[in-house]
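Remarks on the overall topology
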Amino acid sequence: MTKPRGSRTKIKRALKTGEKDKLNRHWRGLFLDKLAETSNVSEAAKAAGVNPSRAYKVRREEQAFARQWHTALVEGYEHLELDLLARLRSGEAKEGPKFDNGAALRLLALHRDTMALEHAQRRNLDVISARALIDQKLDELRQRVLARRDANGETIQ
């Protein structure tokens with residue numbers, strides 16, 4: 001459902017729980033930036049000062065916001081992929097939070113069709129070619145993780 005330009009989605013009181021009386025007029029941009037950074041709707045809503053239910057409702061009712069949401073999530077998966085590549089190249093940091101490479105690989109694999117389609121649209125490739133590129137990249141990542149585990153004497157759980 002496309003809203004006319006300048007028209008805003010009406011929000012019920014129940015969807016405003018936890019929000020300030022005066023909403024930041026740039027909440028959508030703040031939300032989308034944090035969503036791209038974290039891939040976490042709750043964190044993005046908190047950063048934007050809105051209830052997550054508001055964000056979901058606006059996504060359902062405003063086609064442009066839904067497209068921006070999708071773009072932010074794709075960017076989030078690209079960040080995850082880059083983080084994983086960096087860790088595989090340089091190894092795990094000895095200090096700080098532990099990164100679950102296996103979970104990252106599984107998440108990327110779950111969303112490889114979405115990413116293949118997105119990459120195909122960006123590169124003007126057909127979906128089959130894009131899917132083959134993504135599968136190849138995931139296989140390379142998987143092999144690196146397994147090789148590093150073998151080298152460190154780690155077992156796969």
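To start, this report covers the structure provided alongside it. (Residues numbered from 1 in each chain as written. Predicted model: local features only at pLDDT ≥ 70, side-chain atom pairs only at ≥ 80, totals over all residues. Heavy atoms only, no water.)

1. Notes on the packing of helix α4 (residues 63-90) against helix α7 (residues 127-152)
Under the convention used in this document: The axes used here are C-alpha line fits, helices contributing only the stretch in contact, and every angle between their N-to-C directions lies in the interval 0 to 180 degrees. Secondary structure is summarised from DSSP: a helix means a run of H or I of at least four residues, a strand means a run of E of at least two, and numbering begins at the N terminus for each. Note on convention: near helix rotated counterclockwise from far helix by under a right angle means a left-handed crossing. Clockwise means right-handed. Residue contacts are defined here by distance: any two heavy atoms, one from each residue, within 4.5 Å place the two residues in contact. Following the grouping adopted for this structure description, the nonpolar residues are Ala, Val, Leu, Ile, Met, Phe, Trp, Tyr, Cys and Pro, the charged ones are Asp, Glu, Lys and Arg, and the polar ones are all others, Gly among them.
At a closest axis distance of 10 Å, the pairing of α4 and α7 adopts a crossing angle of 35 degrees. α4 and α7 meet at a crossing whose hand is left-handed. Contacts from Glu81, Leu84, Leu85, Arg87, Leu88 and Arg89 in α4 reach Lys137, Leu141, Arg144, Val145 and Arg148 in α7. Here the contact of α4 with α7 is built from residues that sort into five nonpolar, no polar and six charged.

2. Brief notes about helix α2 (residues 41-48)
Side chains of residues three or four places apart in an α-helix project in the same direction, reflecting 3.6 residues per turn. Cut-off, in case you're wondering: Accessible area is worked out with a 1.4 Å probe on protein chains only. A residue is then buried under 20% of its type maximum, exposed over 50%, and partly exposed in between. Each direction from the helix axis to a C-beta atom contributes to the arc, which is the arc of those directions. We call two N or O atoms a polar contact when they sit within 3.5 Å, provided that within protein one can donate a hydrogen and the other can accept it, with sequence-adjacent residues counted only if both atoms are side-chain atoms.
The set of residues buried in α2 consists of Val41, Ala44, Ala45 and Ala48. With its buried residues spanning 100 degrees around the axis, α2 presents them on a single face. In this structure, the buried side of α2 is in contact with α1 (27-38), α3 (52-61) and α4. Looking at where α2 begins, the residue whose side-chain oxygen comes 2.9 Å from the main-chain nitrogen of Ser42 is Asn40. Of the residues trailing α2, Gly49 is marked for its positive phi of about 75 degrees.

3. Description of the packing of aromatic side chains
Which entries qualify depends on this criterion: By convention, a stacked pair of Phe, Tyr or Trp rings (six-membered ring in the case of Trp) has centres within 6.5 Å and planes under 30 degrees apart, an edge-to-face pair has planes over 60 apart, and any other such pair is tilted. For a lysine, the NZ atom is tested; for an arginine, the CZ atom; a charge sits over a ring if that atom is within 6 Å of the ring centre and within 35 degrees of the ring normal.
Counting across every chain of the model gives six aromatic pairs. Ring geometry for Trp27 and Phe31: centres 6.3 Å apart, planes at 75 degrees, overall edge-to-face. One end of the pair, Trp27, and the other, Phe31, are both in helix α1, four residues apart, so they sit about a helical turn from each other. Comparing Trp27 with Phe31 shows no difference in burial state: the two are buried. Ring centres of Phe31 and Trp69 lie 5.1 Å apart, and the angle between their planes is 50 degrees; this geometry places the pair in the tilted category. Taken together, the residues Phe31 in helix α1 and Trp69 in helix α4 connect sequence positions 38 residues apart. Comparing Phe31 with Trp69, the two get one shared label, buried. A network of ring pairs unites the aromatic residues Trp27, Phe31, Tyr56, Phe65 and Trp69 as a single cluster. Geometry around Phe65 places Arg28 over its ring, the cationic atom sitting 6.0 Å from the centre.

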